[in-house]
Amino acid sequence: MSEPEELPQREQRESTKKKKKAKRSGKKKKEQREGEEQEEQVEFEQEVQSVNECVVLHGIFKLGKKSHDVLLTRTKLTWTPIIPENPTGETGVPQSGEVLLQDIFAVKVKRRRAAGQESGGPVLGVALFWCRRKGRKLEEDTLHLHNASSEHTHTWYNTLKELLTGFSSRPTYLKVFINPSSHKKEAVHIYRDHVAPLFKMADIRTDITVTERKGHALSVMKECKLDEYDGVVCVGGDGSVAELCHALVLRAQLDADSPEKPVRAALPLGIIPAGSTDVVSCSVHGVRDPVTAALHIVLGHLQQVDMCSFSSHGQLVRFGFSAMFGFGGRSLARAEKKRWMPSSRRREYALVKTLARLRPEDCQLSFLSARKSNSNLFVQRDKDQYQDQDPESEGEESWVTNQGLYLSISIMSIPCLSPHAPQGLAPNTSLANGSAALIAVGNTSRSEFIKHLKRYSSSTGQFNFSFVETHAVSAVKIRPCSLIGCSEDESEEEGDSKTTPFIHTEGTTFPWNIDGDLVEIANEVLIRVHPRLITLYGEEVEEAESSVSCSCI
Ligand SMILES: Nc1ncnc2c1ncn2[C@@H]1O[C@H](COP(=O)(O)OP(=O)(O)OP(=O)(O)O)[C@@H](O)[C@H]1O
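Okay, so let's go over this structure. (Residues numbered from 1 in each chain as written. Predicted model: local features only at pLDDT ≥ 70, side-chain atom pairs only at ≥ 80, totals over all residues. Heavy atoms only, no water.)

## Quick word on the overall build of the chain
Thought 1: Of the regular secondary structure elements, the chain holds 13 helices and 21 strands.
Thought 2: Going through the 553 residues of the chain one by one, you find that 47% of them count as buried. (Helix = DSSP H or I, 4+ residues; strand = E, 2+ residues; numbered from the N terminus. Buried < 20%, exposed > 50% of the residue type's maximum accessible area, 1.4 Å probe, protein only.)

As structure tokens, then:
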């Protein structure tokens, strides 16, 4: 009697068993397939490596006074001294060396020429111009390979030239903007003495504009035929860099006829530092050094970088990397009034004066936290996938809003490294992590605020204060509370920083420090982060070389 009842159960058990078996074998097959794919990938990589390591040329050259065996592969050039056999059978350790092709930026045929002779002359060999690293600095070096055979030398020259053309990110034609009024008015000399010779050596053609006024670079960029160039170069300080970054993104937006959505800049920007702080240059080079900057351009080192849009009342104010409201804005506004002072004195004066009159801003601060997945974006996500993410798609309910007194609010999409703050004003963000650092400093005593500022130079513990908040954000809104009364600049006497906020009349504008430029804005400002909106010549660096310390606080 029980049999008919047991039958379906048995069938069920068997079918479950079969399913499990099938699942197991499916899993096994999947693992097997994955294993095979991995093996194929490794094989492919090994093949690529062996092709790259295949000897392209083998020859004998003199390096210095000694003959060397020289090998050229697709990735490097190596040399080993030829040591004659010793009758005693002893051999010394040969002093061999190598240089990677990715570090070679020019190759020339060397000839013997008499004084004043411009062409011809017997062949001496080839000279390779390459870049060596010394800390964060890049330096130019030359390797001379001597061989008097013209045929031998030309075979090596042509082969090296051809291999170097494989580095497609290296520019051949650049649009260069030089701001002759930057900092100590040295931009033209810096370009002529340190940069132009390297560009010439690397056969890079240039089209140079020496800017005549603020906004000149922007107007040229709006009009010029961009597709002729491989990149744009800015020789100047942070103000000039900000103008060109804004111009590149604005131009991309105009070209794409996309009035609402920012569009990724079409050309990379190289920055030759010639300003007083050079925060953007420092953030992608780690040093303020024109040669390092030029070598990053010549070698085509490209680094995508997040940018922000700053808008007010639905109108774009500009694109940029950083903005400071409160202390940073007021200090810059004060410095701008003393333009006649040398820039470092002006900055110190403004800092001390603004600290003496330290008072908080009463405002509403709202922010959208960067999505969790974005925080590790640099290693985890596909770049283009993120580019298409729209912060607008976040619901209004995701905004966090606080109302209160703030001494300073900063938003930075790059770490903002400088010799004064080697790990950056925003060490908690990176160049292309898809988010910005929001650093909000609430109201506190002057001495505590100074303690917080001072810690930037040692790069430790600047955020370990109860009055400092930091967040990784994708958007920020700051709405200053317009109150009745007088405006701050007229009231010169010191107030009680702990309690008295700046008091504003209707229609007062608020000073913002956007990438070192003073921008006066009357209303709420909306800041949105746009991942990888621009590409700069350079690389991600952890820390800048520190060469100065601020003695004014
Ligand atoms: N010929 C010029 N005369 C005056 N201003 C100019 C000229 N060319 C460009 N500018 C403007 O000068 C401003 C400041 O330039 P830049 O940032 O290069 O120098 P800086 O202010 O001395 O350096 P830093 O910002 O590092 O202190 C920029 O906004 C730029 O548009």
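Moving on, there is more to tell.
## Some words on the site of the ligand
Thought 1: Neighbouring residues of the ligand: 20 residues in total, closest Ser182, His183, Ser240, Glu243 and Ser276.
Thought 2: Within the side chain of Lys214, an N or O atom sits 3.1 Å from an oxygen atom of the ligand.
Thought 3: Counting residues per element, the shell around the ligand draws most heavily on helix H5 (residues 238–255), at four residues.
Thought 4: Of the residues belonging to the shell around the ligand, the class tally is one nonpolar, 13 polar and six charged. (Near = heavy atom within 4 Å. Polar contact = N/O pair within 3.5 Å; in protein donor to acceptor, adjacent residues only side chain to side chain. Nonpolar A, V, L, I, M, F, W, Y, C, P; charged D, E, K, R; others polar.)

## Thoughts on the environment of Ala266
Thought 1: Relative to the assigned elements, Ala266 resides in the loop between H5 and strand S11 (269–273).
Thought 2: Considering only alpha carbons, one finds Ala266 and Ile534, 268 residues apart in sequence, at a separation of 8.1 Å.

## Quick word on the packing of helix H8 (residues 327–336) against helix H9 (residues 343–356)
Thought 1: Where H8 meets H9, the axes come as close as 8 Å, and the angle between the chain directions of the two elements is 125°. With respect to their mutual orientation, H8 and H9 come out oblique. Crossing handedness for the pair H8 and H9: right-handed. For the pair H8 and H9, the contacting residues are Phe327, Arg330, Ser331, Arg334 and Ala335 in the first and Arg346, Ala350, Leu351, Lys353, Thr354 and Leu355 in the second.
Thought 2: Split by residue class, the contact of H8 with H9 holds five nonpolar, two polar and four charged. (Axes fitted to C-alpha atoms, helices over the stretch in contact; angles between N-to-C directions. Parallel < 35°, antiparallel > 145°, perpendicular 65-115°, else oblique. Left-handed = near helix turned anticlockwise from the far one by under 90°. Contact = heavy atoms within 4.5 Å.)

## Topic: the environment of Phe467
Thought 1: Within the secondary structure, Phe467 sits in the loop between helix H13 (446–458) and strand S18 (468–480).
Thought 2: Owing to a relative accessible area of 13%, Phe467 belongs among the buried residues under this scheme.
Thought 3: Distance from Phe467 to Tyr406, taken between C-alpha atoms, is 9.1 Å for residues 61 residues apart in sequence.
Thought 4: Sequence-distant contacts of Phe467, defined by excluding residues within four places in its chain, comprise Ala440, Val441, Gly442, Asn443, Thr444, Glu448, Phe449 and His452.

## Quick word on a negative patch on the surface
Thought 1: Residues Glu31, Glu34, Glu36, Glu37, Glu39, Glu40, Glu43 and Glu47 make up a contiguous surface patch of negative charge.
Thought 2: Tracing the backbone through its elements, the reader meets Glu31 in helix H1 (residues 2–53).
Thought 3: Given a relative accessible area of 47%, Glu31 falls into the partly exposed group. (Patch = residues over 30% accessible without salt bridge, like charges linked within 9 Å, V, L, I, M, F, W, Y side chains within 5 Å. Areas by Shrake-Rupley, 256 points an atom, 1.4 Å probe, with all protein chains shown as cover. Salt bridge = Lys/Arg side-chain N within 4 Å of Asp/Glu carboxyl O. Lys, Arg positive; Asp, Glu negative; His and termini not counted. Charge placed at Lys NZ, Arg CZ, Asp CG, Glu CD.)

## With respect to the pattern of salt bridges
Thought 1: Per the counting criterion, the structure on display carries 16 salt bridges.
Thought 2: Between Arg192 and Asp193 there is a salt bridge, with the nearest N and O atoms lying 3.5 Å from each other.
Thought 3: Arg192 sits in the partly exposed class, given a relative accessible area of 49%.
Thought 4: Accessibility expressed as a relative area gives 45% for Asp193, which makes it partly exposed.
Thought 5: When the shortest N-O distance is used, the salt bridge between Lys451 and Glu448 registers 3.0 Å. One end of the pair, Lys451, and the other, Glu448, are both in helix H13, three residues apart, so they sit about a helical turn from each other.
Thought 6: Judged by relative accessible area, Lys451 falls into the partly exposed class, the value being 42%.

## Here's the deal with the packing of helix H3 (residues 187–201) against helix H7 (residues 290–298)
Thought 1: Following both chains from N to C, one finds H3 and H7 inclined at 30°, their axes separated by 9 Å at the closest point. For the element pair H3 / H7, the angle class is roughly parallel. Relative to H7, the crossing made by H3 is right-handed. Judged by residue contacts, Ile190, His194, Val195, Leu198 and Phe199 of H3 engage Pro290, Val291, Ala294, Leu295, Ile297 and Val298 from H7.
Thought 2: For the contact of H3 with H7, the per-class residue count stands at 10 nonpolar, one polar and no charged.

## Re the nonpolar core
Thought 1: Judged by nonpolar contacts, the single largest core of 53 residues is most densely connected at Met221, Leu269, Phe321, Ile534 and Leu536.
Thought 2: Examining the composition of this core, we find that seven residues originate from one element, H5, more than from any other.
Thought 3: Shared between two domains, this core holds at least three residues of each, these being domain 2 (169–300) and domain 3 (306–531).
Thought 4: Apart from residues lying up to four places away in sequence, Ile534 is in contact with Cys245, Leu248, Ala265, Gln303, Gln304, Val305, Met307 and Phe321.
Thought 5: Ala127, Phe129, Cys131 and Leu198 belong to the second-largest nonpolar core, a separate cluster that totals 28 residues. (Core = buried A, V, L, I, M, F, W, Y, C linked by side-chain atoms within 4.5 Å. Domains from an automatic or database assignment.)

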